[in-house]
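# Fold and geometry: a report
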Amino acid sequence: DDEFQRSLLTAINDASPDGILVVDDKGIVVSHNRRFLEIWKIPPEHVTGTQPGSAVGTSDDPLLASVVERVNDRHRFLQRVQELYASPRLDDHCEIELTDGRTLERHSTGLRGEQDQYLGRVWFFRDVTTHKQTETALQALARHDPLTGAMNHRYYAERASQEFARAKRHQTPLAIAEFDIDHFKRINDRYGHAAGDEVLKAVCNASQGMMRETNLFARIGGEEFVVLLAGSDIDGAAVFAERLRVAAADASVLVDGE
């Protein structure tokens, strides 16, 4: 019956991890759940509807004004909302960057009756900040050496292939400087592998400090490194390699006071 349907709808709204907002064809708020206010950090006392803490029965303009203040690209956000309201058959799925550093995922679709008449629009918002951060961290782990932070061999090969193709297409110079750390085994044998790790990090820090935006720097083996120098010829690469050698030779590591 109607009471059961209303109770079911309320339970679904309250249990949903999404913030849900339903607006009718005249721009009046028909329904929203608590999660909607929580996701957008709108204090319940700031909404005035038919019941305390509810915006139901009022225009969605005040809610929209509160939401827009929390969005990085306000103009683009507002423009898209207006476009969706003006075009009932449009659906929307996107990510929204907020001023507090969070990321929201938005879904929206028009509501239609049995006679295909436009009834309004429903909006779903989900906080995907943690998911995005995890995704970014996993990408970084997949692409970079966890000890030094330099590109790993696989990611370097992928990027280098792109740079080779670009250089060939535009007939621009490209060079590679490859180097390793002299007598690295002696360091590990005498001071231990923890000291060896610190040496690797020190050499990487010294090397990365010299890189330009167009350079690709990677650790391709235990103590082996490579730099791809886009736009550099062999003479330029030789000068860069010598500067790199001096920077690495000047790097020092303090281990147990030694």
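Cut-offs used in this document
- Residues numbered from 1 in each chain as written.
- Predicted model: local features only at pLDDT ≥ 70, side-chain atom pairs only at ≥ 80, totals over all residues.
- Heavy atoms only, no water.
- Pairing = 2+ DSSP bridges.
- Helix = DSSP H or I, 4+ residues; strand = E, 2+ residues; numbered from the N terminus.
- Axes fitted to C-alpha atoms, helices over the stretch in contact; angles between N-to-C directions.
- Contact = heavy atoms within 4.5 Å.
- Buried < 20%, exposed > 50% of the residue type's maximum accessible area, 1.4 Å probe, protein only.
- Arc of directions from axis to C-beta.
- Core = buried A, V, L, I, M, F, W, Y, C linked by side-chain atoms within 4.5 Å.
- Salt bridge = Lys/Arg side-chain N within 4 Å of Asp/Glu carboxyl O.
- Phe/Tyr/Trp six-rings, centres within 6.5 Å; stacked < 30°, edge-to-face > 60°.
- Lys NZ or Arg CZ within 6 Å of the ring centre and 35° of its normal.

Let's shift gears to the sheet that holds strand E7 (residues 215-219). The three strands lie next to each other as E6-E8-E7, forming an open sheet whose pairing is antiparallel. Because the sheet does not close on itself, it has two edges, and the strands there are strand E6 (174-180) and E7. The average angle at which neighbouring strand axes cross in this sheet is 15°, direction not considered. Relative to strand E8 (residues 224-230), E7 runs antiparallel, the two being bridged by five bridges. Across the sheet, phenylalanine 217 pairs through a bridge with valine 227, a residue of E8. Those strands touched by helix H8 (residues 193-208) are E6, E7 and E8, and its axis lies near 175° from that of E7. Packing against the sheet, helix H9 (residues 234-250) makes contact with E6, E7 and E8, and its axis sits at approximately 140° to E8.

The next thing to look at is helix H7 (residues 184-191). Along H7, the residues classified as buried are Phe184, Ile187 and Asn188. The buried side chains of H7 occupy one side of the element, clustering within an arc of 95° when seen end-on. Exposed residues lying more than 90 degrees from the buried face of H7 are Lys185, Arg186, Asp189 and Arg190. Lining the buried residues of H7 we find H8. Glycine 192 sits one or two positions beyond H7 and adopts a positive phi of about 100°.

Ranked by size, the top nonpolar core spans 23 residues in total, and within it Phe36, Trp40, Ile42, Leu63 and Phe77 carry the most contacts. Sorting the residues of this core by element identifies strand E1 (19-24), helix H2 (34-39), helix H3 (61-68), helix H4 (74-86) and strand E5 (118-127) as the ones contributing at least two each. For this core, the element with the highest residue contribution is H3, accounting for four residues. In this view, leucine 63 contacts Leu21, Val29, Phe36, Leu37, Ile42, Val47 and Ala55; residues no more than four positions away in its chain are not counted. Counting residues in hydrophobic clusters, the runner-up holds 20 residues, among them Ala175, Ile181, Val199 and Leu200.

This next bit is on the pattern of salt bridges. The full count for this structure, using the stated rule, is 19 salt bridges. Between aspartate 18 and arginine 126 there is a salt bridge, with the nearest N and O atoms lying 2.5 Å from each other. One end of the pair, aspartate 18, is in the loop between helix H1 (2-15) and E1; the other, arginine 126, is in strand E5, with 108 residues separating them in the sequence. Judged by its relative accessible area of 35%, arginine 126 is partly exposed. The structure contains a network of salt bridges with shared partners spanning Lys41, Asp100, Arg102 and Asp127.

Turning our eyes to something else, we now look at the packing of aromatic side chains. Tallying each qualifying case throughout the model produces six aromatic pairs. Taking 5.9 Å as the distance between ring centres and 50° as the angle between the ring planes, the aromatic pair formed by phenylalanine 36 and phenylalanine 125 counts as tilted. Of the two residues, phenylalanine 36 is situated in helix H2 and phenylalanine 125 in strand E5; the sequence distance between them amounts to 89 residues. Of the two residues, phenylalanine 36 and phenylalanine 125, both sit in the buried class. The interplanar angle of 80° and the centroid separation of 5.3 Å between the aromatic rings of tryptophan 40 and phenylalanine 125 together place this pair among those described as edge-to-face. Placement of tryptophan 40 in the loop between H2 and H3 and of phenylalanine 125 in strand E5 is noted, with a sequence separation of 85 residues between them. On the basis of relative accessible area, tryptophan 40 is assigned to the buried category, the value being 0%. Under the relative-accessibility criterion, phenylalanine 125 is labelled buried at 4%. Grouping aromatic residues by their ring pairs yields a cluster made of Phe36, Trp40, Phe77 and Phe125. Arginine 121 extends its terminal NZ or CZ atom over the ring of tryptophan 123, reaching a point 5.8 Å from the ring centre.

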